[in-house]
Amino acid sequence: QLSLSNLRLEVGSSIDLGPLNGSFIFSDGRLESAALENTDRSLLLKALPSEAGLEMTLEGRAWRPPGLPVTFAALQARGLLQPDGLRISDIDTSFLGGLLKGDWRLSWHNGLGMAGTATLTRVDMRKLSSEFGLAMNIEGDLGGSLRIQGQGTDWVNLWQNASAQASVE
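Residues numbered from 1 in each chain as written. Predicted model: local features only at pLDDT ≥ 70, side-chain atom pairs only at ≥ 80, totals over all residues. Heavy atoms only, no water.

### Considering the pairing of strand S8 (residues 98-107)
Turning to step 1, where the next piece is worked out: Relative to S8, strand S7 (residues 85-95) runs antiparallel, the two sharing 9 bridges. Paired with aspartate 92 across the two strands is lysine 101, which belongs to S8.
Turning to step 2, where the next piece is worked out: Two successive antiparallel strands, S7 and S8, enclose a turn made up of 2 residues, where leucine 96 displays a positive phi of approximately 50°.
Turning to step 3, where the next piece is worked out: Strand direction decides the pairing type here: S8 and strand S9 (residues 112-124), joined by 9 bridges, are antiparallel. Directly across from lysine 101, in S9, lies its bridge partner threonine 119.
Turning to step 4, where the next piece is worked out: Here S8 folds back onto S9 in antiparallel fashion, the turn holding 4 residues, of which glycine 111 has a positive phi close to 75°. (Pairing = 2+ DSSP bridges. Helix = DSSP H or I, 4+ residues; strand = E, 2+ residues; numbered from the N terminus.)

Rendered as structure tokens:
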């Protein structure tokens, strides 16, 4: 078993995950399982190797992804890490007072690219306006479908170049 404290993962020059604490368990020199958690315990990542890649489960509580203006009150998802990208599936999260369910893919074989789909239910428009710094005085609940995609040279550029399509009520 390998225990880690204050591990930092730097992805390119614009995203820094950490510090993370946790352990890697090995059997016969091969990774058997891993568990990492950030210091405020808002994100827990468990991983198991498979033939397809590194299979992960993610659990979050009041987790704010680096560089994004939103917080996920509660998050559950599955992931698959492969040499050319990361696929997050079965996302089920409390999001801006409502629910978000969907999937998301990040690739890095030719710069950074992402694509995702989601279903939104009862998202609070006041919270949406506040989190994204929109100058709108709006109330009510939003529901519908969302598709997002983007390309960029780094994490910040990826989100600056992102486009979204939504069909909402």
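This is not the end of the story, as more comes after the structure.
### Observations regarding the packing of aromatic side chains
Turning to step 1, where the next piece is worked out: Summed over the entire model, instances satisfying the criterion amount to 2 aromatic pairs.
Turning to step 2, where the next piece is worked out: With centroids separated by 6.2 Å and ring planes inclined at 25°, the aromatic side chains of tryptophan 63 and phenylalanine 72 adopt a geometry described as stacked.
Turning to step 3, where the next piece is worked out: With a relative accessible area of 14%, phenylalanine 72 lands in the buried category.
Turning to step 4, where the next piece is worked out: By the ring-pair criterion, three or more aromatic residues cluster together here, those being Trp63, Phe72 and Phe95. (Phe/Tyr/Trp six-rings, centres within 6.5 Å; stacked < 30°, edge-to-face > 60°. Buried < 20%, exposed > 50% of the residue type's maximum accessible area, 1.4 Å probe, protein only.)

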